[in-house]
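# Topology and contacts: notes
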Amino acid sequence: MRVQRGIIQPEQAREAARIYAHAFSQKFAAAIPRLDDQIEVIARSLRTEFGFFATERVTILGVAGFYTENGHFTGGGSLRDMAAHLGWISAFRAIGLLALLSRSPMAGELLMDGIAVDAGARGRGIGSLLLGALRDYAGAAGYGSIRLDVIDGNDGARRLYERMGFTAERTRELPALFRQILKISAVTTMRLNLTPPQARRT
């Protein structure tokens, strides 16, 4: 098994989209109800240069995406791409709802855009490998910290983050509308502090 960043084959990108969609289907469902549609839209949107991939031979076992000031893992799609699959009305609705969920990194930090492991490969330490690769990349690139959000009730993910050195900064209750749409009551922001920021490599 190895972890790599960047370019993967088209069939691997679709498998990465499937793994990612399964992990975050609850979040995407308000905008794109059908899982098959979620996978298609994510596959069209992936920017693999903002992702790490755990692979065994040619099989994708897990993915970890991130945001920088230059883009993010699922930020490559356009309204036209989405409309080509969903139709224009559904695409406009999806774009609007997803915009409400979007985040932006602050200066000097790398922001995670989700980590997901295939259901059949869990328990093999893949999440730790992906987070380790992301940490090493962020440190080498001169970022001072990595930030992520973990939803209330996702105790397994939170334990993984804590083992990797992340600490909770704050927990915020979501507004009633978001709780109704997303079926999520609260989100905790966690951070991993790295070495002091240096001159960032491009």
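Residues numbered from 1 in each chain as written. Predicted model: local features only at pLDDT ≥ 70, side-chain atom pairs only at ≥ 80, totals over all residues. Heavy atoms only, no water.

Formed by 45 residues in total, the largest nonpolar core has its most connected members in Val63, Leu131, Tyr161 and Phe166. Look past the residues within four positions of Val63 in its chain and what remains in contact with it is Ala16, Tyr20, Phe52, Phe53, Phe73, Gly114, Ile115, Ala116 and Leu130. Core analysis: the next-biggest nonpolar cluster, separate from the first, contains five residues, Ala31, Ile32, Met82 and Leu86 among them. (Core = buried A, V, L, I, M, F, W, Y, C linked by side-chain atoms within 4.5 Å. Buried < 20%, exposed > 50% of the residue type's maximum accessible area, 1.4 Å probe, protein only. Contact = heavy atoms within 4.5 Å.)

Throughout the structure, instances matching the rule amount to 14 salt bridges. The residue Glu49 makes a salt bridge to Arg47 at a minimum N-O spacing of 3.1 Å. In the salt-bridge network here, residues are joined through shared partners; they are Glu109, Arg147, Glu169 and Arg191. (Salt bridge = Lys/Arg side-chain N within 4 Å of Asp/Glu carboxyl O.)

Our next topic: the packing of helix α1 (residues 10–28) against helix α2 (residues 35–45). Contact pair α1 / α2: the axes reach a minimum separation of 8 Å and the direction vectors enclose 125°. Here α1 lies oblique to α2, going by the angle between them. Here α1 and α2 pass one another in a crossing that is right-handed. Where α1 abuts α2, its residues Arg14, Ala17, Arg18, Tyr20, Ala21, His22, Ser25 and Phe28 lie against Leu35, Gln38, Ile39, Glu40, Ile42 and Ala43. Each residue belonging to the contact of α1 with α2 can be placed in one class, and the counts come to eight nonpolar, three polar and three charged. (Axes fitted to C-alpha atoms, helices over the stretch in contact; angles between N-to-C directions. Helix = DSSP H or I, 4+ residues; strand = E, 2+ residues; numbered from the N terminus. Parallel < 35°, antiparallel > 145°, perpendicular 65-115°, else oblique. Left-handed = near helix turned anticlockwise from the far one by under 90°. Nonpolar A, V, L, I, M, F, W, Y, C, P; charged D, E, K, R; others polar.)

Moving on to the side chain of Thr189. On the secondary structure map, Thr189 appears in strand β8 (residues 186–193). Discounting chain neighbours no more than four positions away, the residues touching Thr189 are Arg147, Leu148, Asp149, Thr167, Ala168, Glu169, Arg170 and Arg172.

The subject of this paragraph is unusual backbone geometry. With a phi angle near 60°, Arg57 is a residue other than glycine that sits in the positive phi range. Tracing the sequence through the fold places Arg57 in the loop between β2 (51–56) and β3 (59–68). Among the residues examined, Arg57 registers a relative accessible area of 82% and is labelled exposed.

As a further point, take the packing of aromatic side chains. Aromatic ring pairs: the centre-centre distance and the angle between the two ring planes describe each pair. On inspection of all chains with the given rule, the structure shows eight aromatic pairs. On the basis of an interplanar angle of 75° and a centroid distance of 5.8 Å, the ring pair of Phe50 and Phe66 is categorised as edge-to-face. A residue pair is termed long-range when its members are at least 10 positions apart, and Phe50 in the loop between α2 and β2 and Phe66 in strand β3 qualify at 16 residues. Each member of the pair, Phe50 as well as Phe66, is classed as buried. Note on Phe66 and Tyr137: the rings are 5.2 Å apart at their centroids and 40° apart in plane angle, and the pair reads as tilted. Here Tyr137 lies in helix α5 (residues 126–140) and Phe66 lies in strand β3, a separation of 71 residues in the sequence. Residue class for Phe66 comes out buried when judged on its relative accessible area of 0%. The exposure class of Tyr137 is partly exposed, given its relative accessible area of 22%. (Phe/Tyr/Trp six-rings, centres within 6.5 Å; stacked < 30°, edge-to-face > 60°.)

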